[in-house]
Amino acid sequence: MKIKSIEIFMLDGGRPTWRPVVCRVNTDEGISGYGEASLGFDNGAHGAVGMLQEIAPMVIGMDAMDHEVVWNHMFSDSFWGQGGGVAVLSAVSAIDTALWDIKGKALNQPIYQLLGGKFRDKLRAYASQLQFGWSKEGMRFDQGFRKEDLAAHAARAVSEGYDAVKINFITYDEKGGRLGFLRGPIPLKTQHMIEGRIAAVREAVGPDVDIMLENHGRTDAVSAVQLAHIAQPYGIYFMEEPNTPMLLQSGKKIHDECAIPIAGGERMYGRWNFLNYLQQNALQVLQPDIGIAGGITEVKKICDMAHAFDVTVQAHCCGSPIIIAAAMQLEAAIPNFAIHEHHVTHCSAANISLGKYDYQPEQGYCKVPDLPGLGQELSEKAIDTALIHVTIDQPC
């Protein structure tokens, strides 16, 4: 079964900073598969589209069932692949995931079955990024600085059946402006503001709901440790991205000086990058993104490697229904699964409409798709309204 062509879509996600980038790999036997490059939010979408156009000609004519062969060709022969950069690895990831979708459809099996079977029928999920609200409207940028609002968002998620929530308590200052990066010691006034927000959320959700602390890399080793000490009395499940992922030593220092497990990996690429962190015990929950870390082929290796270090995995999940389905397929098939991320944008009608199927959690749990392949495809609306649609059908 040969790869005949690759279509590249930049989708209209309903706002300028939400433009998921998806590819559809077509074969000469009429079977097509979908994959996503997870650079569709904020300012990376055009980079993913451009790199997919550069990588796609390399695999035209190759056997779509040879996912390991194709992956190594894209990684080793693209020159930039071995540098592990986000643009090239996002393109590799999208094409690789699409090949798994093709293989599942050809064999009439869901991807989790091809990965060795599923350990669980449903995935515990958490409501993610509640500093941007929690509703079918998707992200809001004016409701995350008052502690009363954060408490209300968390309580709403719990009322829907979630028993875990994630919030960035340092996104906004006390007036609703962006707080920026916390470098060095945190001013006492800011410490009080942060603790007030965390305390309000804990009171709103009760003693048995897990709270994740999101930092988005906006703290350094000094401020992250201070933040961890502020938050620790409130029962924190993990602290995510407490520092720039480029500085391994800083991550290790943070873990050594606080008792909260450290999570991260959404801005890390390839097994070698993750191995460095595992060897230093700098992360206790890995969060590789299937759409940038190397696709299903590579992320499954990362998960298995993490298992050898007693580290659990939660796939970073922030994109279209394609990457959501990919995350669920993988998380069902690994023994060291932690929890599934359900981003506030995944609740929005605009994002849901991009997929043929809607896999919303019920009572805080996601049912794993049982359809062949990913169990998800782009909707006709997504394709018809795509901001960019390019087809590559000639080899390089």
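Residues numbered from 1 in each chain as written. Predicted model: local features only at pLDDT ≥ 70, side-chain atom pairs only at ≥ 80, totals over all residues. Heavy atoms only, no water.

**What to know about the pairing of strand β6 (residues 210–214)**
Of all five residues in β6, four are buried; the element is thus mostly enclosed. Handedness of the strand β5 (residues 164–167)-helix α6 (residues 188–205)-β6 crossover: right-handed. Where β6 meets strand β7 (residues 236–240), four bridges bridge the pair, whose relative direction is parallel. In the sheet register, E214 faces β7, and the bridge partner there is E240. This β-α-β element, β6 to helix α7 (residues 221–231) to β7, shows right-handed connectivity. (Buried < 20%, exposed > 50% of the residue type's maximum accessible area, 1.4 Å probe, protein only. Helix = DSSP H or I, 4+ residues; strand = E, 2+ residues; numbered from the N terminus. Right-handed = clockwise from strand over helix to strand, strands pointing away. Pairing = 2+ DSSP bridges.)

**Focus: unusual backbone geometry**
One non-glycine residue with positive phi stands out, namely Q129, at about 70°. For Q129, a relative accessible area of 3% puts it in the buried group.

**Quick word on the pattern of salt bridges**
Throughout the structure, instances matching the rule amount to 18 salt bridges. Overlapping salt bridges, with partners in common, bring together K118, D121, K367 and D370 in one network. (Salt bridge = Lys/Arg side-chain N within 4 Å of Asp/Glu carboxyl O.)

**Some thoughts on the side chain of H342**
Relative to the helices and strands, H342 is located in strand β11 (residues 340–343). On the basis of relative accessibility, which here comes to 2%, the residue H342 falls in the buried class. Residues within four places of H342 in sequence aside, it is in contact with Y126, A127, S128, W134, Y162, C347, Q360 and P361. (Contact = heavy atoms within 4.5 Å.)

**With respect to the side chain of N351**
Looking at the element boundaries, N351 is found in helix α12 (residues 349–352). One polar contact links N351 to W18, side chain to side chain, over a distance of 2.7 Å. Excluding anything up to four places from it in sequence, N351 contacts W18, P20, G319, S320, P321, I324, T345 and H346. (Polar contact = N/O pair within 3.5 Å; in protein donor to acceptor, adjacent residues only side chain to side chain.)

**Observations concerning the packing of aromatic side chains**
Evaluation of the coordinates by the stated rule reveals eight aromatic pairs. Seen in terms of ring centroids, Y237 and F238 are 5.4 Å apart; in terms of plane orientation they differ by 50°. Their pairing is tilted. Overall, F238 belongs to the buried group, its relative accessible area being 0%. Residues Y357 and Y359 carry aromatic rings whose centres are separated by 6.3 Å and whose planes lie at 35° to one another, so their mutual orientation is tilted. An aromatic cluster of at least three residues, connected via ring pairs, comprises W71, F75 and W272. The ring of Y365 has K122 lying over it, and the distance from NZ or CZ to the ring centre is 4.8 Å. (Phe/Tyr/Trp six-rings, centres within 6.5 Å; stacked < 30°, edge-to-face > 60°. Lys NZ or Arg CZ within 6 Å of the ring centre and 35° of its normal.)

**Quick look at α7**
For α7, the buried fraction is high: eight of the 11 residues fall into the buried class. Among the residues of α7, A221, S223, A224, V225, L227, A228, I230 and A231 are the ones counted as buried. Its buried side turned inward, α7 meets α6, β6, β7 and α8 (248–257).

Everything listed here is a matter of geometry and, on its own, says nothing about what the molecule does.
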